[in-house]
Every structure is written in structure tokens, then in C-alpha cells.
Amino acid sequence: MSDSDDLGLGYTPEVREVPALREEARRLSSELYDLLRVKGKTTAPGPGVDVCGELDPETFYVIRHLWSLYGLPAGDLEDGWQGLMEDLPRHGWEIVHEGRESTVAQSPFLMADSTRKKFTLKATLLIPTARDAERSGAEPGIMFHLVSACFRVPEGTTVDEY
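Residues numbered from 1 in each chain as written. Predicted model: local features only at pLDDT ≥ 70, side-chain atom pairs only at ≥ 80, totals over all residues. Heavy atoms only, no water.

### Concerning the overall build of the protein chain
Put simply, the test is: In DSSP terms, a helix is any run of H or I states spanning at least four residues, a strand is any run of E spanning at least two, and both are numbered starting from the N terminus. Between two residues, a contact is recorded if the distance between any of their heavy atoms is within 4.5 Å. Here, Shrake-Rupley sampling with a 1.4 Å probe gives the accessible areas, and only protein chains in the shown set may cover a residue. Under this rule, positive means Lys or Arg and negative means Asp or Glu; His and the chain ends count for nothing. Where a charge lies is defined by one atom per residue type: Lys uses NZ, Arg uses CZ, Asp uses CG and Glu uses CD.
The helix and strand inventory of the protein chain stands at 3 helices and 9 strands. Put simply, the protein chain runs from its N terminus to its C terminus through helices and strands in the order β-α-β-β-β-α-β-β-β-α-β-β. On the principal axes, the C-alpha backbone points of the protein chain span a range of 55 × 35 × 30 Å. By sequence separation, contacts in the protein chain at least 24 residues apart represent 63% of the contacts at least 6 residues apart. For the protein chain, the exposed area adds up to about 9,000 Å²; of that, 50% sits on carbon and sulfur atoms. Mean positive and mean negative side-chain charge positions of the protein chain (17 and 28 charges, respectively) differ by 5 Å.

If you want it as C-alpha cells, here you go:
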């Protein structure tokens, strides 16, 4: 594949081994947790491998890490959210969009791109109303969806970790 062949992505996928990129996602998520300035419970599991759009799933992949912070009062989570928004730019992230979900709750969210790594973050502050919490048991939290750019496995190997 030539460098000019971006496969319709707008960039040429870099060659990286799956375990190394998965570990990079784990480190980035740990850094994000530290930026929150509040400590609570987090969900598992760790980063996973996913297909890269319509490209060959044996050759191309992305890493996704979905996790949440919870187990804290709404006010603490709001403080953590504010800290995250202030600290992301100082730690290699460019906030490219802020808005509100198009749901009844209209939860605030942000989208940020890592200026050092090839990852994008969507973070959402979830503060259920008293009625929602009573009805569904919904808990306040901050949800993180970290996803890498598309990568290519080294020549002679395949993605076997879906």
C-alpha cells in the first residue's frame, strides 16, 4: 500500500500491533481518570478491538475503551467534569466540540482529540433527575468513549482479537 492510499479515511492507517495499541488506550484512560480530580468507582472491562468501518477486518482495526466513573454525588461529578474540561487542553487534548445530548436529559458532552496520540474522546456527564433515579435506579456518572484512529496490523499477521 502506498502512502497516498488512504482508503477513503483521509489518512494512511499506521501499522501497529494490537496489544501495544490496547495498552496505549489503557494508559490514556488512566490519564483521563486522573484529570477528573475526583475518585470514584469505574466500570470494566478494558479496551477492546473493533472493526474499522468497511475495511478488511482481518487487516484494519480500531481500539475502543468504554468506561464510566460512578459512585459519587452529582455535585462531585460536576466538579470532576469541570476539572476535566479545564485540564484536557493542558494535557494534550483539543476540545473540538461541546454540546448537549439530543435526549430528554440533555446531558452535556464534549468531543476531544488527542494531539499526541491518535485517539478521540467523547465524554458525557450523566446526572439523572430525581424521578429517573427513582424510576430506573439510574446513577449519576461520567461516561467515557475513547476510540483510536484506524490502524493496520503488521504484514503477515491478522486481527484475531474481536
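### Quick look at a nonpolar patch on the surface
Our working definition: Distance thresholds for patches are 9 Å for like charges and 5 Å for nonpolar side chains (Val, Leu, Ile, Met, Phe, Trp, Tyr), applied to residues having over 30% relative accessible area and no salt bridge. The term salt bridge refers to a pairing of a side-chain nitrogen on Lys or Arg with a carboxyl oxygen on Asp or Glu at a separation within 4 Å.
Together, Leu-7, Leu-9 and Tyr-11 line one region of the surface with nonpolar side chains, adding up to about 210 Å² of accessible area. Inspection of the secondary structure assignment puts Leu-9 in the segment before β1 (14-15).

### A short note on the layout of surface pockets
Let me state the cut-off plainly: Here a cavity is any set of points on a 1 Å grid over the protein atoms alone where a 1.4 Å probe fits but cannot get out, and a pocket is any open set with protein on both sides within 12 Å along at least 5 of 7 lines; a residue lines the site when it has an atom within 4 Å of a point. Grid points are joined across faces, edges and corners, and a volume is the space filled by probe spheres set on the points. Amino acid classes used here: Ala, Val, Leu, Ile, Met, Phe, Trp, Tyr, Cys and Pro are nonpolar; Asp, Glu, Lys and Arg are charged; the rest, including Gly, are polar.
One number sums up the size of the largest pocket: a volume of about 170 Å³. Residue composition of the lining of the largest pocket, by class: 9 nonpolar, 4 polar and 1 charged.

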